[in-house]
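Commentary on secondary and tertiary structure
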Amino acid sequence: MKMNHLGKALVLLNLAISIVLLAWAAMLFLQPVDWGWKEARKVWKEHSEGTKAANERIAAKIDERIAAYAKLADNRFRALAGVNQAQKSLQEMETGFGENRRFYNKELARLLASKDAAIDVKEVKVGKDGQVELVKAQPWGLPTFTAALPGITQSYAGYLGDLEKNLAVMKVYGDKITDWVAKKEKLTVKMNGIFKADGTKQVPGEYDLIEGEVVAQRKLKDELAYLQPIWVRELYNAQLLRARREGLEKRLIELGESPSDALRQ
């Protein structure tokens, strides 16, 4: 059953293609290409009055090609005239472009490597329309320049030389800064001490020693404050004993005895 349906489908497909090809062949036979009949084909169109008449003729292919060749020959001479004018303009432009190239190379060499102490650096002038203004308004004309730009007095090579000098000076200062940073780092370590990886202090610094001295001085002041009343009391007692001794010595002298002999006894 499947093969039967497939055969029928192929027959119908062949029939459809045959009908299309037959229609194409009939169209080619009934409407042949006009390559030069004795009388041109006519076309009937309705006039405004509603009547039909042969009011247009269709030219044969050979007539169309003859007319096209004549038009081509006419256009050829016109095109050649335009080509001659274009070649003449091209020669003028090529000459101008060559001079422009020499001017640009000279100007670039001056701006890049001029050894003059001061040079003028000018900017290309741009019009209000955003286009570069050219001399004589010609496509090959040189651009017009503005007045010398203020503040630019050297060539590119001169500024590179200044840059190298400034970089050398900056390197000297950079080395000094590096030395100062190293000294500051050593001073910081000396002041703060050395710490272990766990954050504990391994070597005490100057700040730690100063803090220890402050604590020791504070304790010393507290001890002095505690001992000062005792010292004053003992000083007072010593003065009393001294006064008593002097009184006893005077009494011994009054009694006719020597204080030294009394002390030896």
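Residues numbered from 1 in each chain as written. Predicted model: local features only at pLDDT ≥ 70, side-chain atom pairs only at ≥ 80, totals over all residues. Heavy atoms only, no water.

Turning next to the overall build of the protein chain. Of the regular secondary structure elements, the protein chain holds five helices and six strands. Listed by position from the N terminus, the elements making up the protein chain come as α-β-β-α-β-β-α-β-β-α-α. For the protein chain, buried positions account for 6% of its 265 residues. Within the protein chain, counting contacts between residues at least 6 apart in sequence, those at least 24 apart form 37% of the total. (Helix = DSSP H or I, 4+ residues; strand = E, 2+ residues; numbered from the N terminus. Buried < 20%, exposed > 50% of the residue type's maximum accessible area, 1.4 Å probe, protein only. Contact = heavy atoms within 4.5 Å.)

Turning our attention to the pattern of salt bridges. The tally for this structure, following the rule as stated, stands at five salt bridges. A salt bridge links glutamate 107 to arginine 110; the nearest nitrogen and oxygen atoms lie 2.7 Å apart. In this pair, glutamate 107 and arginine 110 are both assigned in helix α2 (residues 61–113), three residues apart and thus about one turn of the helix distant. By relative accessible area, arginine 110 is classed as partly exposed at 27%. Measuring nitrogen to oxygen at the nearest pair gives 3.3 Å for the salt bridge that ties lysine 171 to aspartate 175. Of this pair, lysine 171 and aspartate 175 both sit in helix α3 (residues 156–192), four residues apart, which is roughly one turn of that helix. Aspartate 175 gets classed as partly exposed once you look at its relative accessible area, which sits at 43%. (Salt bridge = Lys/Arg side-chain N within 4 Å of Asp/Glu carboxyl O.)

Moving on: the packing of α3 against helix α4 (residues 206–254). Contact geometry of α3 with α4 gives a least axis separation of 4 Å together with a crossing angle of 30 degrees. In terms of their interaxial angle, α3 and α4 are classed as roughly parallel. Where α3 approaches α4, its residues Lys190, Met191 and Asn192 are matched on the opposing element by Glu206, Tyr207 and Asp208. A class-by-class count of the residues in the contact of α3 with α4 yields two nonpolar, one polar and three charged. (Axes fitted to C-alpha atoms, helices over the stretch in contact; angles between N-to-C directions. Parallel < 35°, antiparallel > 145°, perpendicular 65-115°, else oblique. Nonpolar A, V, L, I, M, F, W, Y, C, P; charged D, E, K, R; others polar.)

Turning our attention to the packing of aromatic side chains. One pass over the structure, following the stated rule, counts two aromatic pairs. Considering the side-chain rings of phenylalanine 103 and phenylalanine 145, the 6.2 Å spacing of their centres and the 50 degrees angle between planes classify their relative orientation as tilted. You can see phenylalanine 103 sitting in helix α2 and its partner phenylalanine 145 sitting in strand β4 (residues 145–148), a full 42 residues away along the chain. Overall, the relative accessible area of 33% leaves phenylalanine 145 in the partly exposed class. Here a set of aromatic residues connected by ring pairs shows up, and it is made of Phe103, Tyr104 and Phe145. (Phe/Tyr/Trp six-rings, centres within 6.5 Å; stacked < 30°, edge-to-face > 60°.)

Glancing now at the side chain of asparagine 100. Tracing the backbone shows asparagine 100 in helix α2. In this view, asparagine 100 contacts Trp140, Gly141 and Leu142; residues no more than four positions away in its chain are not counted.

Under the 1.5 Å per step criterion, the end-to-end length of α4 is 67 Å for 49 residues, consistent within 8% with the ideal 72 Å. In the stretch just after α4, glycine 256 is the one whose phi turns positive, near 85 degrees. (Expected span 1.5 Å × (residues − 1).)

With that settled, the discussion passes to the side chain of serine 155. Positionally, serine 155 belongs in the loop between β4 and α3. For serine 155, a relative accessible area of 3% corresponds to the buried category. Setting aside residues up to four positions removed in sequence, serine 155 forms contacts with Arg110, Leu111, Leu112, Ala113, Ser114 and Ile119.

Another point: the environment of phenylalanine 103. Since its relative accessible area comes to 28%, phenylalanine 103 is described here as partly exposed. C-alpha of phenylalanine 103 to C-alpha of leucine 142: the two residues are 39 residues apart in sequence and 8.7 Å apart in space. The residues contacting phenylalanine 103, other than those within four sequence positions of it, are Leu142 and Phe145.

With that settled, consider the confidence of the model for the protein chain. Keep in mind that low pLDDT regions are not for reading the predicted coordinates in detail. In this model, the protein chain carries a mean pLDDT of 78, and residues with pLDDT of at least 70 account for 85%. For the protein chain, strand β2 (residues 52–58) is the element with the lowest average pLDDT, namely 59, and α3 is the one with the highest, namely 87. (pLDDT = per-residue confidence, 0-100.)

Bringing the environment of aspartate 129 into the picture now. Along the chain, aspartate 129 falls in the loop between β3 (122–124) and β4. Taking the relative accessible area as the measure of exposure, aspartate 129 reaches 60% and is therefore exposed. A polar contact of 3.2 Å, which involves the side chain of aspartate 129, links it to the backbone nitrogen of glutamine 131. (Polar contact = N/O pair within 3.5 Å; in protein donor to acceptor, adjacent residues only side chain to side chain.)

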